[in-house]
Amino acid sequence: MPIKSPFFPRTSQLCTSMYWKEWAGYHAVSSYGTLHDVEYFAFRYSAGLLDITPLFKYKITGTDSASFLSRVMVRDISQLKIGRVTYCCWCNEDGKVVDDGTVMRRGENEFFVTSADPCFSWFSRFTRGYDVEVNDISDQIAGLAVQGPTSRDILKKFCDVDLDSLKFFSTTSAKVKDFEIYISRTGYTGDLGYELWIENENALTLWDLIMDYGKSYDLRPAGLAALDVTRVEAGLILKDVDYYNALHTLIEDRMSSPYEISLGWTVNLERDPFNGQAALKAEKQAGSNWAIVGLDIDWVEIEELYNRHGLPPEVGSTAWRDSIPIYVDSSMNKQIGYATSGTWSPILKKNIALATIEKKYDQIDSKLQIEVTVEHKRHTVTATVSKPQFYNPERKTSNPVKS
Amino acid sequence: MSKRYDSIIIGGGHNGLICAAYLAKAGRKVLVLEKRHVLGGAAVSEELYPGFTFSVASYVVSLFRPHIIRELNLAKHGYEIIPMDCSFLPLPNGDSLARWADPQRSRREIARFSQKDAETYPEFSRVMTHMGKLAKAVIDHPAPDITSMNPRELANIFRLGRTFKGLGPELLHLNTKLVTMSALDFLDLWFESDVLKAPMAVSGIIGTFQGVRSPGTAYVLLHHYMGQLDGSFRSWGFSKGGTGGVSLACASSARSYGAEIRTEAAVQQVLIKNGEARGVVLENGDEILANSIVSNLDPNRTYLKMVGESELDDEVVKEIKRYKLRGSSGKVNLALDRVPEFSCRPGDGDHIRGDVAIAPSIDYLEKAFDQAKYGEFSTRPYINAVIPSLTDPSVAPPGKHILSCFVQYAPYHIKEGAENWPKYREAFGDAVVDTMAEYIPGLKDMILYRQVLTPWDIEQTMGLTEGNIFQGELSLEQLLFQRPLAGYAKYKTSINKLWMCGSGTHPGGGIMGAGGELCAKTMLNARAI
Ligand SMILES: Cc1cc2nc3c(=O)[nH]c(=O)nc-3n(C[C@H](O)[C@H](O)[C@H](O)COP(=O)(O)OP(=O)(O)OC[C@H]3O[C@@H](n4cnc5c(N)ncnc54)[C@H](O)[C@@H]3O)c2cc1C
């Protein structure tokens, strides 16, 4: 049975819809109200507060931490400066992705890693010969994401650090009242935002502070349904939805390399050995089979299909996660991939999806066909290939100009 | 003047800007001339008090045509709408009704007043969606002229006819009713509770000098329902940064296609030679020539001020003077130092994040109209209020709020003559604040700044004749192929090469963009430019 996060006393009070789901063994709010979209709009226009405690969290210490992590991750973590964060994935020997997450460097020999799946066992398999300790702190540390344009102003109200200078993908510790928290300028919404890490016993105090100061900034608690829309807009992939952990799949077809899931940019190939290096080098040479792309699904054609049935066009208001076939053309004879998640993007006014397709079809702006079901009948409409990242506001990475 | 433009657009309202964007996108050399220092016309945002950005006139968006967003790439240029979750009706007896996007929640709320109404409510929405489909077919095309024998016109009528036929006899019948009935009679077909009908009926009187019992107001009701289609999940929403955000997105798109836009460039007159528009004269005396002129101004101003009676046939002059403007609305914008809480449902919850209607009963609305009939503003008016700062924090400083009140009735023609409105401005503002304060205790102590717009002010600042918010009433005789004038619809005027693109053309008022779009497309199709 799922357990309760330290924020449960508050989230359970606020979640009047009773819409919950299970996330990594925790009860997690899907949406606080019966319709999630006000929570989505909070992420985009003010700020949303999301309980991210269910993420797995590891503290890596010891004089060899950096070289150990460089060995495990596809990215050369030894290059990561203190106070910086990086996003990357890690692979098995065959260069297939096990999981993805963030790595924060808190000191010369101290790192903090988050992941979607439990990775203690996986990390521990590679510690031999390194002066390193992997500590699973998942259940001792609670996490809160404060995401949206007013997030910085809210945190500035009660943190003693200069958030105006904290850069995108940087991290710092901060004093709040009489305890310490870690703040990283990261998140899963593709917007200005922060993730806060705090010891369980202080979790509720932090929640209350944020809710209190957030009032003047239209902050509202937000659930996973709203998050899902933002992460598709931001083109951020999700394990078990857009790809699978290679250690958990039964068949090879379900495994992916970083190149195949749009994470090629996180791979530093030319360096000391790391997990999957040889396989990834070979794949880089030979070329990958698959690619994750963004799809912009033609609205006019959808409208036309509904119109034929005398219906106004409908799109679900929540993000979807079904596997939807992608074809080369409307004959539906040749399937070349499948969409894995998608949503109507209220901010872009577009119907968008993330899809895994054969690499040779991944040119930007090329036209494919995606299956749509209207009145129980299957049709296809045009889907234009794009980068997975649909939405990328300037404020996500910018800092206020000092006067 | 060396530069010669393919087209000059007089007025930088959202329709003028959209028209410019379409023409420029088609490769035409376009110049927009706006009288004020800001763009947007009635869809305008202005920081009137430090830190507070007001949607000075129009305040919510619903009817904006989605295909224009796509065709002009407006999402990229900053067109952002935050939907409203609730319609809230506070009642003087301490009760209240909140209608939510969540249908079950609405059902329970309405059932406190009438269980029958609560269960009929979704049926009503269903029918209105059907009706809206028809309306959509009407608003997304130039209105076909049923008096014409031109084959293309007949084809258009046929297309419309098909849509009508698709409705089936029952709905078709209803549609006929909708066009001729009063908003109230129409709602009476479904509902019994005054508490539900009053806030619904007001959609039928917005921008008109009519009461909820006046015939024809049912059509205006439908007009306001149209935004429901179009794949947006909520019908009404706030534009980020105020409704001026919509206009600025249109301007940015127009510029990206090469259109030139000038502010503080008031046009004095259209230059006419041999019955043909050749250019414009600015108030500063400059003359600018162009192959065609488009007016974003209302029909009255376009014909009588920009052209002038001397250039017009008597018949046209007579017709245009008959064109009904009769502004009846005002606006009171307040900057508040805290969240205004309603005594009947305290707190800053979601119930006040949508619109708030002061329309406690049908009689209340009729009484408000009665005063207007005799040339007075309503001392207890219908008010549609919103607090946009609760969903869009960019419009007010942290913890501070904007209370925007759209008010009816404030007849342009007050007893002593419209030019006497300034004398009554503050009294009118007081009536609005007093009315709101009956529901929001302590309101008067929260006010940091107050802006009162009477119809006279709306005319003076925005150039909307008689302060009519839609550039002309949405009454049957001045709609469709008769908007603005029978014989001179379809964006043409009685002057060669002079076109119109504002809300005074089909399909009418509101932040829709349709006038601007359809005018540009009509000009391009006719190879008139
Ligand atoms: C108080 C009020 C509230 C409203 N509320 C809503 C609402 O909530 N939702 C909604 O959808 N609609 C609302 N409306 C209606 C809507 O705002 C208008 O129908 C729409 O904005 C009109 O746009 P337009 O481009 O056709 O014309 P306008 O906005 O009228 O544009 C005309 C432009 O021409 C300029 N101009 C005038 N004279 C000259 C000249 N001589 N030279 C150069 N330029 C000139 C004006 O300054 C103006 O910018 C409201 C209107 C008002 C007044």
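Keep in mind that this is a model prediction, so the values were computed, not measured.

## A short note on the overall build of chain A
The helix and strand inventory of chain A stands at nine helices and 19 strands. The C-alpha atoms of chain A give 22 Å as radius of gyration, which agrees with the globular expectation for 403 residues (22 Å, within 12%). Its C-alpha atoms give chain A principal-axis dimensions of about 65 × 50 × 50 Å. Counting across all 403 residues of chain A, residues that qualify as buried make up 58%. Contacts in chain A between residues far apart in sequence, at least 24 positions, make up 67% of those at least 6 positions apart. With an accessible surface of roughly 16900 Å², chain A has 48% of that area assigned to carbon and sulfur atoms. Positive and negative side-chain charges of chain A, numbering 44 and 54 respectively, have mean locations separated by a distance of 3 Å.

## Some thoughts on the pattern of salt bridges
All names here are of chain B. Evaluation of the coordinates by the stated rule reveals 49 salt bridges over all chains. Taking the shortest distance from any N to any O, the salt bridge between D370 and K373 comes out at 3.1 Å. Of this pair, D370 and K373 both sit in helix 13 (residues 362-373), separated by three residues, roughly a single helical turn. Put simply, E376 and K415 hold a salt bridge, and the shortest N to O gap is 3.0 Å. A residue pair is termed long-range when its members are at least 10 positions apart, and E376 in the loop between helix 13 and strand 15 (382-386) and K415 in the loop between strand 16 (401-408) and helix 14 (421-437) qualify at 39 residues. The class of K415 is exposed, set by a relative accessible area of 60%.

## Quick word on a positive patch on the surface
Residues A:K81, A:R84, A:K167 and A:K402 make up a contiguous surface patch of positive charge. Relative to the elements of secondary structure, A:K167 occurs in the loop between helix 5 (151-156) and strand 10 (171-176).

## As for the pairing of strand 11 (residues 276-282) of chain B
Residues and elements named next belong to chain B. Taken across its seven residues, strand 11 has six buried, putting it largely inside the fold. Both strand 10 (residues 267-273) and strand 11 contribute to a ladder of six bridges, which runs antiparallel. Looking at strand 11, one finds that V270 is bridged to V280. Turn length for the strand 10-strand 11 hairpin, with the two strands adjacent in sequence and antiparallel, is two residues, and the turn residue N274 shows positive phi of about 50 degrees. Sheet analysis places strand 11 next to strand 12 (residues 287-295), joined by three bridges and oriented antiparallel. By the bridge assignment for strand 12, V281 is matched with E287. Connecting the antiparallel pair strand 11 and strand 12 is a turn made up of four residues, with G285 showing a positive phi of about 100 degrees.

## Considering the interface of chain B and chain A
Across the contact, 30 residues belong to chain B and 27 residues belong to chain A. Taken together, the two surfaces of chain B and chain A that pack against each other cover about 2300 Å², and 57% of this comes from carbon and sulfur. Applying the counting criterion to the chain B and chain A interface returns three salt bridges. Between B:D348 and A:K215 there is a salt bridge, and its shortest N-O distance comes to 3.6 Å. Taken together, the elements giving at least two residues each to the side of chain B that touches chain A come down to helix 2 (66-71), strand 5 (81-83) and helix 4 (115-139) of chain B. The class makeup of the residues in the side of chain B that touches chain A is 12 nonpolar, six polar and 12 charged.

## So, the packing of aromatic side chains
In this structure the tally under the stated criterion is 31 aromatic pairs over all chains. Plain terms: the ring middles of B:F54 and B:Y449 are 5.9 Å apart, the flat faces sit at 45 degrees to each other, and that makes the pair tilted. You can see B:F54 sitting in strand 4 (residues 52-55) and its partner B:Y449 sitting in strand 17 (residues 447-453), a full 395 residues away along the chain. Residue B:Y449 is classed as partly exposed on the basis of its relative accessible area, which comes to 23%. A connected cluster of aromatic rings, assembled from ring pairs, spans B:Y121, B:F124, B:F186, B:W190 and B:F191. Just above the ring of A:F112 sits the side chain of A:R106; from NZ or CZ to the centre is 4.2 Å. Over the aromatic face of A:Y182 sits the side chain of A:R106, whose NZ or CZ is 3.3 Å from the ring centroid.

## Description of the domain arrangement of chain A
All names here are of chain A. When its domains are assigned, chain A resolves into domain 1 (8-55 + 138-222), domain 2 (57-137 + 257-286) and domain 3 (290-386). Taking only C-alpha atoms, the centre of domain 1 and the centre of domain 3 are 33 Å apart. Each side of the interface is counted separately: domain 1 has six residues, and domain 3 has five residues. Summed over both partners, the interface of domain 1 with domain 3 buries about 430 Å², with 63% contributed by carbon and sulfur atoms.

## Some words on helix 8 (residues 277-286) of chain A
Residues three or four positions apart in an α-helix share a direction because the helix packs 3.6 residues into each turn. Residue and element names in this part refer to chain A. Taken together, the buried positions of helix 8 are Q277, L280 and E283. For helix 8, the buried positions fall inside an angular range of 125 degrees around the axis, keeping them on one side. Along helix 8, exposed side chains directed more than 90 degrees from the buried face belong to A278, Q285 and A286. Looking at the residues trailing helix 8, positive phi occurs at G287, about 95 degrees.

## Details of helix 13 of chain B
Residues and elements named next belong to chain B. Under the 1.5 Å per step criterion, the end-to-end length of helix 13 is 16 Å for 12 residues, consistent within 8% with the ideal 16 Å. Those residues of helix 13 that sit buried are I362, Y364, L365, E366, A368, F369 and A372. If you follow the buried residues of helix 13, they end up packed against helix 7 (183-188), helix 8 (194-201), strand 14 (355-358), strand 15 and helix 14.

## Observations regarding the sheet that holds strand 3 (residues 47-51) of chain A
All names here are of chain A. Strands sit in the order 10-11-12-9-3-13 across an open sheet of six strands; the sheet is mixed. Only two strands of the sheet have a single partner each, and these edge strands are strand 10 and strand 13 (219-221). Within this sheet the neighbouring strands show an average axis-to-axis angle of 25 degrees, counted without direction. Here strand 10 runs beside strand 11 (residues 179-184); their pairing, made up of six bridges, is antiparallel. The residue bridging A174 from the neighbouring strand is I181, located in strand 11. The strands touched by helix 2 (residues 37-45) within the sheet are strand 3, strand 9 (141-147) and strand 13, with strand 3 carrying the most contacts at an inclination of about 115 degrees.

## Considering the pairing of strand 4 of chain B
The two faces of the sheet receive side chains in turn, since in a regular strand these alternate between them. Residue and element names in this part refer to chain B. Both strand 3 (residues 45-49) and strand 4 contribute to a ladder of four bridges, which runs antiparallel. Considered in strand 4, the bridge of E47 is made with T53. Linking strand 3 back to strand 4 in an antiparallel pair, the connection comprises two residues, with G51 at a positive phi of about 90 degrees.

## As for the environment of A:K21
Residues and elements named next belong to chain A. Tracing the sequence through the fold places K21 in strand 1 (residues 19-23). Its relative accessible area of 34% is what places K21 among the partly exposed residues. With 203 residues separating them along the chain, K21 and L224 place their C-alpha atoms 8.6 Å apart.

## Some words on the site of the ligand
Residues and elements named next belong to chain B. Residues in contact with the ligand amount to 36 residues; listed here are only the nearest, N15, E34, A42, V60 and I511. Y59 has a polar backbone atom sitting 3.1 Å from an oxygen atom of the ligand. Alone, the ligand offers 1000 Å² of accessible surface; in the complex the protein occludes 97% of this. Elements represented by at least two residues in the shell around the ligand include exactly helix 1 (14-25) and helix 16 (455-462). The class makeup of the residues in the shell around the ligand is 19 nonpolar, 14 polar and three charged.

Reading the values: the criteria
Residues numbered from 1 in each chain as written. Chains lettered and ligands numbered in written order. Predicted model: local features only at pLDDT ≥ 70, side-chain atom pairs only at ≥ 80, totals over all residues. Heavy atoms only, no water. Helix = DSSP H or I, 4+ residues; strand = E, 2+ residues; numbered from the N terminus. Rg over C-alpha atoms; globule rule 2.2 N^0.38 Å. Buried < 20%, exposed > 50% of the residue type's maximum accessible area, 1.4 Å probe, protein only. Contact = heavy atoms within 4.5 Å. Areas by Shrake-Rupley, 256 points an atom, 1.4 Å probe, with all protein chains shown as cover. Lys, Arg positive; Asp, Glu negative; His and termini not counted. Charge placed at Lys NZ, Arg CZ, Asp CG, Glu CD. Salt bridge = Lys/Arg side-chain N within 4 Å of Asp/Glu carboxyl O. Patch = residues over 30% accessible without salt bridge, like charges linked within 9 Å, V, L, I, M, F, W, Y side chains within 5 Å. Pairing = 2+ DSSP bridges. Buried area = accessible area lost by both parts, 1.4 Å probe. Nonpolar A, V, L, I, M, F, W, Y, C, P; charged D, E, K, R; others polar. Phe/Tyr/Trp six-rings, centres within 6.5 Å; stacked < 30°, edge-to-face > 60°. Lys NZ or Arg CZ within 6 Å of the ring centre and 35° of its normal. Domains from an automatic or database assignment. Arc of directions from axis to C-beta. Expected span 1.5 Å × (residues − 1). Axes fitted to C-alpha atoms, helices over the stretch in contact; angles between N-to-C directions. Near = heavy atom within 4 Å. Polar contact = N/O pair within 3.5 Å; in protein donor to acceptor, adjacent residues only side chain to side chain.

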